[in-house]
Amino acid sequence: MSRTIPKIGFLAAYVAVITFIMFPLVWIVMMSFKGYDDVIAFPPTFLFAPTLENYSSVLLGDTGSMSSGAGEFVRYLGNSMLISGGAVALSLLVGVPAAYALIRNRTKNEDSISFTFLSFRFAPELMVIIPLYGIYQRVRLYDSYLGLILAHQLITVPLVIWIVRTFLADVPVEIEEAAQLDGCGPLRTLMRVVVPVIRPGVASAAILAFIFSWNNLLMGLVLSGQGTQPVTVGILQAIGFDQVRWGWMAAAAVISALPGMVAALYMQRHLVQGLTMGVGK
Amino acid sequence: MTTSHRVAPPAPRVAPQGATPDVKAPQDRSRRSAQRRRQRAYSLMLLPALLLLIGIMIPFAQGVWTSLTDKKTYIANPSFVGLANYADLLMDPRFLSSLGRTLLYVASILAVQLPLATFVAVLLARSSIGSYLGRRVLVLPLLVPPIVAGLMWKTMMQPSSGVLNHLLGLIGLGPLPWLTDTGTALWSVVLIDTWAFLPFSALILLAGLQSLPPEIEEASRVDGAGAWKAFKYVSLPWLAPYLVLVAIFRVADSLKQFDLIWPVTRGGPLDSTRLLHVMGYEEAFRFSSPASAMAIIFILWLLVYGISFLLLKLWRRTINAVG
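### Some details on the overall build of chain A
Scanning chain A from terminus to terminus reveals 14 helices and 0 strands. Along chain A, helices and strands appear, N-terminal first, in the series α-α-α-α-α-α-α-α-α-α-α-α-α-α. Here chain A, with 281 residues, has 48% of them falling under the buried criterion.

Have a look at this one:
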């Protein structure tokens, strides 16, 4: 008897926490399926006739009066794919060998390089992005995919280096020594022996780096113009001069959150480690 | 520990000390040249990352330099003004109140999220089903773009049509102005931040709790400690380094909070949510003054690094305390 009361208390707290997290997500998904009348209805409607008109307006463009061009948002999606995909690919190319060299050939110098990369995770991005805005305009990288991919390295390379690093620390040195005896240099040892072993680590580094790059707002806000606008900046268009297009925004929000959601299903195990850059494993 | 990561431990010498040098020398030489080749290979592997590092350092340095000039976007040739921008900022009540607001924001985030995250972690750790389901749910806000999180809550916080005021009305509480009032806007952003980042803190603390060897907790139970005492004297000290780690991330991220504020309030109403990172952005792109923008952001940078450095020291100490 005396035990049931705290148990009910815990259950209630548990339900409260889950509700707090889930409610906004459920609400925005519901809103994305609401027609205009249901979106602006007060009191808000919990039961409504679902419609796909918001999604069709986001993905195919408006047919109504507030036309924003056919499928503008699809272009933003493509831009984000290109920028984040390119950024991750470049980061893996640069970061994986670097992480290996930094941990296998480790001296004081190497450690301070590693920590400099780690420190970028904590720096206010504008410290680099605002000067980059000026530089990019001079060298014509402003509003270019290449420019954005390079800028995104500020986010993705530290992630890749530090996550791969924690996985490298667990690789038994013996298997590398065997490869060396066969005459492999460090690069070949890495590619042939080490990378296959740490593939899950490389995969989760890639996924997390992709999400962080995809979710980033400031880079796009400052360094992209009409040609390369990513989804995070595109969504802001829902907030117009005189009114907010709530339904459109909800559908755009749901679509732009999809990559993260898919990744979440997929990489539970390494996620927490990845979020702290592998620090404090 | 450093040495254990080295690939090639020094091979045992074939010849004993003092043996004839002409036997040893060629082997040594080839070993040394192999060593040099490896060294060069490592340097080559590191080179692209180093170039990138330089590519980041250059704009950074230029940013610091800009903060020492009177650069405006509409002036062709800025000139060096020393620390004048910094002196101006320290006299500017808008900057000082933004600085104060930023620190208040960070302090509120810590005060709200650390205890709450500990509570959630303990809650989830109690049962395996609970932690399985909870982890799956908690991960979701971390993967939503912060700007989406912000807009989502903005929708719900609409004073006249939002669902939050509707729900408050159902339990007889008055409508709140949320983001539209200078008195409540910052706290509304703290709430949004808590939704977006409480899971981050809770998941790390949960991982910490689950790394606690079960024997230790059982031993304290056998000794007759109640749940609260076991938590206070066993779990909490064990969690200390994890708590500091969470604090480091939360302090840095909330000091430079931008993504949750820009789409939601743009720093308003009036200045009530204008944190330093937002103010820096506006200074550069609305008021065309990169010089004072860079001064603001460099001060923010110093704050982030100063506080993180102190917390990092604390972290090392807590790790040593746990052993």
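Picking up where we left off.
### As for the overall build of chain B
When you go through chain B residue by residue, the secondary structure sums to 11 helices and 0 strands. Helices (α) and strands (β) of chain B occur, in sequence order from the N terminus, as α-α-α-α-α-α-α-α-α-α-α. For a compact globule of 323 residues, the expected C-alpha radius of gyration is about 20 Å, and chain B comes in at 27 Å, more than 25% above that figure.

### Comments concerning the interface of chain A and chain B
Between chain A and chain B, the residue contacts involve 73 residues of the former and 74 residues of the latter. Top element by residues in the side of chain A that touches chain B is helix α1 (residues 4-32) of chain A. It accounts for 13 residues. Its residues placed into classes, the side of chain A that touches chain B shows 56 nonpolar, 13 polar and 4 charged.

### Some thoughts on the packing of helix α7 (residues 145-168) of chain A against helix α10 (residues 199-215) of chain A
All names here are of chain A. Between α7 and α10, whose axes approach to 9 Å, the crossing angle comes to 155 degrees. Taken together, the axes of α7 and α10 are roughly antiparallel relative to one another. At the point where α7 passes α10, the crossing takes the right-handed sense. Only G201, V202, S204, A205, L208, A209, F212 and S213 of α10 make contact with α7, whose side of the interface consists of H152, I155, T156, L159, V160, I163, V164 and F167. Here the contact of α7 with α10 is composed, by residue class, of 11 nonpolar, 5 polar and no charged.

### Comments concerning the domain arrangement of chain B
Partitioning chain B into domains gives domain 1 (21-66) and domain 2 (88-322). Computed from C-alpha atoms alone, the centre-to-centre distance between domain 1 of chain B and domain 2 of chain B is 40 Å.

### Let's talk about the domain arrangement of chain A
All names here are of chain A. Parsing chain A into structural domains produces domain 1 (4-60) and domain 2 (72-275). A straight line from the C-alpha centre of domain 1 to that of domain 2 covers 31 Å. Opposite the 12 residues of domain 1 that make contact, domain 2 presents 11 residues. Every element with two or more residues in the side of domain 1 that touches domain 2 is listed here: α1, α2 (36-40) and α3 (53-60). For the side of domain 1 that touches domain 2, the element with the highest residue contribution is α3, accounting for 5 residues. Grouping the amino acids of the side of domain 1 that touches domain 2 by side-chain chemistry returns 8 nonpolar, 3 polar and 1 charged.

### Structural notes on the environment of V120 of chain B
All names here are of chain B. Structurally, V120 can be placed in helix α3 (residues 93-125). Using a count of 26 C-beta atoms within 10 Å as the deciding quantity, one classes V120 as buried. Residues V120 and L140, 20 residues apart in the sequence, show an inter-C-alpha distance of 15 Å.

### Details of the confidence of the model for chain B
All names here are of chain B. Here chain B shows a mean pLDDT of 86. Residues at 70 or above account for 91%. When mean pLDDT is compared element by element in chain B, α3 scores highest at 95, while helix α8 (residues 214-222) scores lowest at 76. Taken as a whole, residues 1-21 scores under 50 in pLDDT and shows 13 contacts with residues more than four places along the chain or in a different chain. We note a pTM of 0.89 for the whole complex and an ipTM of 0.90 for its interfaces.

### Section: the packing of helix α8 (residues 173-181) of chain A against helix α9 (residues 186-197) of chain A
Residues and elements named next belong to chain A. In contact at an axis separation of 10 Å, α8 and α9 are set at 135 degrees when each is read in the N-to-C sense. Here α8 lies oblique to α9, going by the angle between them. Judged by the twist between their axes, the crossing of α8 over α9 is right-handed. Contacts from I175, E176, A179 and Q180 of α8 reach α9 at T189, R192, V193 and V194. Partitioned by chemical class, the residues of the contact of α8 with α9 number 4 nonpolar, 2 polar and 2 charged.

### Some points on helix α5 (residues 146-156) of chain B
In terms of burial, α5 of chain B is a largely internal element, 11 of the 11 residues being buried. Buried residues of α5 of chain B: P146, I147, V148, A149, G150, L151, M152, W153, K154, T155 and M156 of chain B, and no others.

### Focus: the environment of I175 of chain A
Tracing the backbone shows I175 of chain A in helix α8. A sequence separation of 19 residues divides I175 of chain A from V194 of chain A, and the C-alpha atoms of the two residues are 8.3 Å apart.

### Let's talk about unusual backbone geometry
A cis amide bond links G268 of chain B to the next residue, P269 of chain B, at an omega of -5 degrees. In the Ramachandran plot, R140 of chain A falls in the positive-phi region, its phi being about 60 degrees despite a non-glycine side chain. Take R140 of chain A: it is sitting in the loop between α6 (126-138) and α7. A tally of 10 C-beta atoms within 10 Å means that R140 of chain A is categorised as exposed. One non-glycine residue, R266 of chain B, lies in the positive phi region at around 55 degrees. Mapped onto the elements of the fold, R266 of chain B is located in the loop between α9 (227-255) and α10 (276-285). Residue class for R266 of chain B comes out partly exposed when judged on the 15 C-beta atoms lying within 10 Å of it.

Calculation notes
- Residues numbered from 1 in each chain as written.
- Chains lettered and ligands numbered in written order.
- Predicted model: local features only at pLDDT ≥ 70, side-chain atom pairs only at ≥ 80, totals over all residues.
- Helix = DSSP H or I, 4+ residues; strand = E, 2+ residues; numbered from the N terminus.
- Buried ≥ 20, exposed ≤ 12 C-beta atoms within 10 Å, placed from the backbone.
- Rg over C-alpha atoms; globule rule 2.2 N^0.38 Å.
- Contact = placed C-beta atoms within 7 Å.
- Nonpolar A, V, L, I, M, F, W, Y, C, P; charged D, E, K, R; others polar.
- Axes fitted to C-alpha atoms, helices over the stretch in contact; angles between N-to-C directions.
- Parallel < 35°, antiparallel > 145°, perpendicular 65-115°, else oblique.
- Left-handed = near helix turned anticlockwise from the far one by under 90°.
- Domains from an automatic or database assignment.
- pLDDT = per-residue confidence, 0-100.

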